[in-house]
Amino acid sequence: MSWSNYASTLIRYPQFGFSLDTSLMDLDDAFLSKMAPKVEKAFADIAAIESGAIANPDEGRMVGHYWLRKPELAPTQELRDAVTKPLAALKVFAEKVHTGQVKPPGGGIFQRILLIGIGGSALGPQLVAEAIGHNARMPIHFFDNTDPAGIDRVLSDIGVAGLAHTLVVVISKSGGTPETRNGMVEAKAAYDAAGMDFGKHAVAVTGEGSKLDHFATQQGFIARFPMEDWVGGRTSVMSTVGLVPAALQGIDIDSFLAGAAAMDAETRKHDAAKNASMRLALAWYAAGNGKGEKDMVVLPYKDSLVLFSKYLQQLVMESLGKELDLAGNKVNQGIAVYGNKGSTDQHAYVQQLRDGVPNFFATLIEVRKGRHGESIEVEPGNSSADYLQGFLRGTRKALYDSGRKSITISIPEVTPFQLGVLIALFERAVSFYASLVNINAYHQPGVEAGKKAAAVFLDLLGAVRSRLISEAKTAQEIAFETDADAEDIYHCLTHLAANGEAQIAIGSNPAEDTFSL
Ligand SMILES: O=P(O)(O)OC[C@H]1O[C@H](O)[C@H](O)[C@@H](O)[C@@H]1O
């Protein structure tokens, strides 16, 4: 660790209290000059993105998330309106909900939110709620899966009486994601069972003309907010996806957008030495040899940022985890991201980080302010905040002493503005990195394979259900009848047995298990 290296390489934006320390990544001059042509190309690529290029060629789409906090950048008036009009409308809507002009059919005011969505249509709102939604005007609950037990748990937290004052926000860009559809059907069933009109409690955020959009119209939803195809799910937190729930919670969304705009303004500059997003992208490249050979462990030393690593997991891994580069070469790119929070993780997996397989670099996030208000001394002279800082500094040093690299990002405190700063920092780093390794960061072709296989399973499950009779059969026998794979059939049968739709008699191995009605 070298003071002169720290002092000369630190990137600071003092006007909003941000700094990025990559001194422990050992980026040397030879690396930086070797990367210079790629860096120039990355600056050109992102300038093209911001001016409306089709940066997602497979899907023929523009990539417009940077316009969400600076609509005047968008290349046409229509696109600018597609940012500003929904933003104005959602603010008015939130105000009407808060003041009771939009109210539940049974009277009173909406008191809580149930958000139904998955992936980018849940992770951003979850991060926002956790980081800056504490003591929100309306508490928020989530259905972010098709797990019936998870759904039941949330419904029981809300309670049947609570449904009457719950505003359900269904979010799906495509409007056809099965988990979200299922969650909505389950929520509607709960309202139906309570004798309440689901549509009069629901709002949709979705692409115009989608299945969800049609359902919302048909069910008489209270409101519909559009989502544009030039905003990807993982970068949608500053679109209607993130802002509708945030505004309803009473979060200062203007400040959130302003924080992102402030970071964008700094990281739009074509100066690699002062551009924090470019420095991050270069540090990732150096650490993983441009091939993702090192995982990124994200350690925010602040409880309210606990979901930031999960959020970055989607942003980074869904964007960068690609089989092919833009020239069609097989590259299998990506950077694995995991983490939770410091100092908690020091008592869990940091042992391996310090002493075990050196397959990662750490990204520590320092929040300078410990708490608002006075701190007690937990021992003579030291507060809890002193300890948190001590553990951050100590871990960073201990890792470096054993040859493990780390990045440290510092912000003054966790506010809507600073969360915007952090998200924008990483969004642009992802865009830059994608350009450095020449991949499309804005599509997700790999996600489709699992969805298609799930649909095949559901078809098979239907076939198996219809073959079950009182006479016991093995998986192999049903596989023969249905011309399917015996193991696939076996998994259908055990699922039916576990859910009360079949009887199972256990044999000495799965091939001998028999199933009947
Ligand atoms: O918003 P939706 O269309 O429902 O999509 C929800 C999520 O599911 C997809 O499978 C994608 O991989 C994600 O990027 C997306 O955020």
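Residues numbered from 1 in each chain as written. Predicted model: local features only at pLDDT ≥ 70, side-chain atom pairs only at ≥ 80, totals over all residues. Heavy atoms only, no water.

Looking at an unreviewed UniProt entry, the protein carries the name Glucose-6-phosphate isomerase, with the source organism given as Luteolibacter luteus. The annotation that UniProt attaches to the protein under Sequence similarities (unreviewed entry) is "Belongs to the GPI family." Reading the Function (unreviewed entry) entry of the UniProt record for the protein gives the comment "Catalyzes the reversible isomerization of glucose-6-phosphate to fructose-6-phosphate." (UniProt positions renumbered as here; feature names shortened; annotations may be inferred.)

Draft legend 1. Quick look at the packing of aromatic side chains. Taken as a whole, this structure holds 20 aromatic pairs when the rule is applied. A centroid spacing of 5.9 Å and a plane angle of 25° characterise the contact between W3 and Y6, whose relative ring orientation is stacked. Within this pair, W3 and its partner Y6 are both found in helix α1 (residues 3-9), separated by 3 residues, close to a single helical turn. Residue classification places W3 among the exposed residues on the basis of a relative accessible area of 68%. Members of the aromatic cluster, joined through ring pairs, are F31, W284, Y285, F308, Y311, F426 and Y433. Note that R428 overlies the ring of Y66, its terminal NZ or CZ placed 4.4 Å from the centroid. (Phe/Tyr/Trp six-rings, centres within 6.5 Å; stacked < 30°, edge-to-face > 60°. Helix = DSSP H or I, 4+ residues; strand = E, 2+ residues; numbered from the N terminus. Buried < 20%, exposed > 50% of the residue type's maximum accessible area, 1.4 Å probe, protein only. Lys NZ or Arg CZ within 6 Å of the ring centre and 35° of its normal.)

Draft legend 2. Region of the structure containing the sheet that holds strand β6 (residues 202-206). Pairing is parallel across the open sheet formed by 5 strands, whose spatial order is β4-β3-β5-β6-β7. Each having just a single partner strand, β4 (140-143) and β7 (223-226) make up the two edges of the open sheet. Going from strand to strand, the sheet's axes swing by 20° on average, the running direction of each strand aside. As paired strands, β6 and β7 are joined by 4 bridges and run parallel to one another. Note on β7: the bridge partner recorded for V203 is A223. Sheet strands touched by helix α4 (residues 120-132): β3 (112-116), β4 and β5 (166-172). Its angle to β4, the strand with the most contacts, is close to 155°. Sitting on the sheet, helix α7 (residues 178-193) touches β3, β4 and β5, and the angle it makes with β5 is about 160°. (Pairing = 2+ DSSP bridges. Axes fitted to C-alpha atoms, helices over the stretch in contact; angles between N-to-C directions. Contact = heavy atoms within 4.5 Å.)

Draft legend 3. Local environment of the layout of surface pockets. For the largest pocket, the calculated volume is near 890 Å³. Lining the largest pocket are 39 residues, and of these K173, G233, E318, Q444 and K451 sit closest to its centre. Of all the secondary-structure elements, those providing two or more residues to the lining of the largest pocket are α4, β5, α7, α12 (308-320) and α16 (445-467). For the lining of the largest pocket, the per-class residue count stands at 12 nonpolar, 17 polar and 10 charged. Looking at which domains feed residues into the lining of the largest pocket, each of domain 2 (65-251) and domain 3 (446-516) supplies at least three. (1 Å grid on protein atoms, 1.4 Å probe; cavity = no way out; pocket = protein on both sides within 12 Å on 5 of 7 lines; lining within 4 Å. Points joined across faces, edges and corners; volume = space filled by probe spheres on them. Nonpolar A, V, L, I, M, F, W, Y, C, P; charged D, E, K, R; others polar. Domains from an automatic or database assignment.)

Draft legend 4. Representation of the pattern of salt bridges within the structure. What the rule picks out here adds up to 25 salt bridges. Taking the shortest distance from any N to any O, the salt bridge between D45 and K41 comes out at 2.8 Å. Here the residue D45 and the residue K41 both occupy positions in helix α2 (residues 29-50), the gap between them amounting to 4 residues, near one helical turn. The exposure class of D45 is partly exposed, given its relative accessible area of 28%. Look at K41 and you get partly exposed, because its relative accessible area is 40%. Note that D401 and K397 form a salt bridge whose closest N and O atoms lie 3.0 Å from each other. Linking D401 with K397, this pair stays in helix α14 (residues 384-401), spanning 4 residues, or about one helical turn. Taking the relative accessible area as the measure of exposure, D401 reaches 49% and is therefore partly exposed. Taking the relative accessible area as the measure of exposure, K397 reaches 41% and is therefore partly exposed. (Salt bridge = Lys/Arg side-chain N within 4 Å of Asp/Glu carboxyl O.)

Draft legend 5. Examining the site of the ligand more closely. In the neighbourhood of the ligand, 14 residues make up the surrounding shell, with S121, S172, S174, T177 and E318 lying closest. Separating an oxygen atom of the ligand from a side-chain N or O atom of S121 is a distance of 2.6 Å. Between the ligand and the protein, one listed contact pairs an oxygen atom with a backbone N or O atom of K173 at 2.8 Å. In isolation the ligand exposes 390 Å². Once the protein is present, 88% of that is buried. In this structure the site holding the ligand corresponds to the largest pocket. Looking at the shell around the ligand, the elements that each hand over two or more residues are α4, α12 and α16. (Near = heavy atom within 4 Å. Polar contact = N/O pair within 3.5 Å; in protein donor to acceptor, adjacent residues only side chain to side chain. Areas by Shrake-Rupley, 256 points an atom, 1.4 Å probe, with all protein chains shown as cover. Sits in = over half its atoms within 2 Å of the grid points.)

Draft legend 6. Inspection of empty space enclosed by the protein at higher detail. Evaluation of the coordinates by the stated rule reveals 2 cavities of 30 Å³ or more. As a volume, the largest cavity reaches approximately 140 Å³. Surrounding the largest cavity, 15 residues form its lining, L68, A82, V83, S239 and T240 being those nearest its centre. For the lining of the largest cavity, the secondary structure elements donating two or more residues are α3 (77-99) and α9 (240-249). The element best represented in the lining of the largest cavity is α3, accounting for 5 residues. By residue class, the composition of the lining of the largest cavity is 12 nonpolar, 2 polar and 1 charged. Put simply, the second largest cavity is a space of about 40 Å³. Every residue along the wall of the second largest cavity is listed here: H65, T235, L315, S319, E427, V430, S431, A441 and Y442. Mapped by element, the contributors of at least two residues to the lining of the second largest cavity are α12 and α15 (416-436). When residues of the lining of the second largest cavity are assigned to their parent elements, the largest contribution, 3 residues, is made by α15. Of the residues assigned to the lining of the second largest cavity, the class counts are 4 nonpolar, 4 polar and 1 charged.

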